[in-house]
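# Overview (structure and organization)
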Amino acid sequence: FDFVLGSVHFTDGIDIYFEPYWTGKTVHQAERRYLEEILACVQVHEDFDVLGHLTYLSKSKAHPTNQLIKLAEHRDIVEEIFKVIISKGKGIEVNTSGWDRCGDYLPGMDYVRLYKELGGEIITIGSDAHTADRVGQYSHEVAAQLKDIFGFVCTFEQRKPIFHKL
């Protein structure tokens, strides 16, 4: 493989995209448990290059508010996630698929700035397209924002990041 994207779609054995995950939880509890699962995964797994769509839970069809996970409410655990992946030489993906569902990228630019502030260097863009008409959707908009924050974006070959100046 040239690139391995790590992502979490299940927490406690339940697909977070659907209603059963949300049953009996407040939004804060659902978000926190999901982030705890991501932290546990990045702590024990090594064979990935980039953590995909950190705030994926935000675009769930069952999400009661359809808003991005608020960094201010979970900053402590997000910082821990970032510290672990940075220490392992891993990056993060900014995924454009949340724009139409929760009004932001996954994760949003406040997360991206925090990742950089903590020493993160590897950043990619993904669209999680699922259909041909969504491939690369909003990628130019994300690249323009990443230009101001990082000045580059990464692709991968043989599991090694290649830095492309924006």
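Okay, so let's go over this structure. As the structure is a computational prediction, the values presented were derived from the model and not from experiment.

### Quick look at the layout of surface pockets
In this structure, the largest pocket encloses a volume near 210 Å³. Together, His9, Asp15, Tyr17, Phe18, Tyr56, Lys59, Ser97, Arg101, Asp128, Ala129, His130 and Arg134 line the largest pocket. Considering the residues around the second largest pocket, the lining is formed by Phe3, Leu5, Glu93, Thr124, Ile125, Gly126, Val153, Cys154, Thr155 and Phe156. Of all the secondary structure elements, the ones that give two or more residues to the lining of the second largest pocket are strand S6 (123–126) and strand S7 (152–157).

### Focus on the pattern of salt bridges
Taken as a whole and judged by the stated rule, the model has ten salt bridges. The residue Arg33 makes a salt bridge to Glu37 at a minimum N-O spacing of 3.1 Å. With Arg33 and Glu37 both in helix H2 (residues 27–44) and four residues apart, the pair spans about one turn of that helix. Classification of Arg33 as partly exposed rests on a relative accessible area of 23%. A salt bridge links Arg159 to Asp49, with the shortest nitrogen-to-oxygen separation between them at 2.8 Å. On the criterion of sequence distance, the pair formed by Arg159 in the loop between S7 and strand S8 (160–165) and Asp49 in the loop between H2 and strand S4 (50–51) is long-range, its members being 110 residues apart. Overall, Arg159 belongs to the partly exposed group, its relative accessible area being 25%. A single network of salt bridges, built from pairs that share partners, joins Asp12, Arg33, Glu36 and Glu37.

### Details of the sheet that holds strand S5 (residues 91–95)
Ordered by their spatial adjacency, four strands build an open sheet running S1-S4-S5-S6, and the pairing between neighbours is parallel. The open sheet terminates on both sides in strands that have one partner only, identified here as strand S1 (5–6) and S6. In terms of strand pairing, S4 meets S5 through two bridges, oriented parallel. Within S5, the residue paired with Val50 across the bridge is Gly91. With respect to the sheet, helix H6 (residues 139–149) is in contact with S5 and S6, its orientation differing from that of S6 by roughly 160°.

### A short note on H2
When the terminal C-alpha atoms of H2 are compared, their 26 Å separation across 18 residues agrees well with the 26 Å that a helix rising 1.5 Å per residue should span. Considered for burial, the residues of H2 that qualify are Ala30, Glu31, Tyr34, Leu35, Glu37, Ile38, Leu39 and Val42. Buried residues belonging to H2 abut strand S2 (10–11), helix H1 (19–22), S4 and helix H3 (71–87).

### Looking at the packing of H2 against H3
Each packed pair of helices is defined by two parameters, the angle between the axes and the distance between the axes. Direction vectors running N to C along H2 and H3 enclose 15°, while the axes themselves pass 9 Å from each other. Looking at the two axes, H2 sits roughly parallel to H3. Two packed elements cross with a definite hand, and for H2 against H3 that hand is left-handed. Residues His28, Glu31, Arg32, Leu35, Glu36, Ile38, Leu39, Val42 and Gln43 of H2 form the contact with H3, whose participating residues are Glu73, His74, Asp76, Ile77, Val78, Glu80, Ile81, Val84 and Ile85.

### Quick notes on the packing of aromatic side chains
Under the definition given, this model contains ten aromatic pairs. Ring geometry for Tyr17 versus Phe18: centroids 5.3 Å apart, planes at 85°, classification edge-to-face. According to the relative accessible area criterion, Tyr17 is buried, its value standing at 11%. Ring pairing ties together the aromatic residues Phe82, Tyr115, Phe150, Phe152 and Phe163, which thus form one cluster. One Lys or Arg, Lys25, reaches over the ring of Tyr21 and ends 4.0 Å from the middle of that ring. Sitting above the plane of the Phe48 ring, Lys90 keeps its charged end 5.2 Å from the centroid.

Each value, and the rule that gives it
Every chain begins its residue count from 1, and numbering advances along the sequence as written. At least 70 in pLDDT is required for a residue's local features to be given in this predicted model, at least 80 for side-chain atom pairs to be given and counted, and no such filter applies to totals for whole chains, interfaces and linings, which use all residues. Neither water nor hydrogens contribute to the side-chain values; these are computed over all heavy atoms in the structure. Put plainly, a pocket is an open set of points on a 1 Å grid over the protein atoms alone with protein on both sides within 12 Å along at least five of seven lines, a cavity is a set where a 1.4 Å probe fits but cannot get out, and a lining residue has an atom within 4 Å of a point. Grid points are joined across faces, edges and corners, and a volume is the space filled by probe spheres set on the points. Only DSSP runs of H or I covering at least 4 residues are called helices, and only runs of E covering at least 2 are called strands; the numbering of each starts at the N terminus. Think of a salt bridge as a Lys or Arg side-chain nitrogen and an Asp or Glu carboxyl oxygen that are within 4 Å of each other. Using a 1.4 Å probe on the protein chains alone, a residue whose accessible area is under 20% of its type maximum counts as buried, one over 50% counts as exposed, and one in between counts as partly exposed. Strand pairing requires that DSSP identify at least two bridges connecting the strands. Whether two residues touch is decided by their heavy atoms; if any such pair falls within 4.5 Å, the residues are in contact. Here, axes are lines fitted to C-alpha atoms. For helices the fit covers the stretch in contact, and angles between N-to-C directions go from 0 to 180 degrees. By this rule, a helix spans an expected 1.5 Å times one less than how many residues it contains. Between 65 and 115 degrees an angle is taken as roughly perpendicular, under 35 as roughly parallel, over 145 as roughly antiparallel, and anywhere else as oblique. Each crossing gets its hand from how the near helix is turned against the far one by less than a right angle, where anticlockwise is left-handed and clockwise is right-handed. Think of it this way: a Phe, Tyr or Trp ring, Trp meaning its six-membered ring, pairs with another when their centres are within 6.5 Å, and the plane angle makes it stacked under 30 degrees, edge-to-face over 60, tilted otherwise. Our definition puts a charge over a ring when NZ of Lys or CZ of Arg is within 6 Å of the ring centre and also within 35 degrees of the ring normal.

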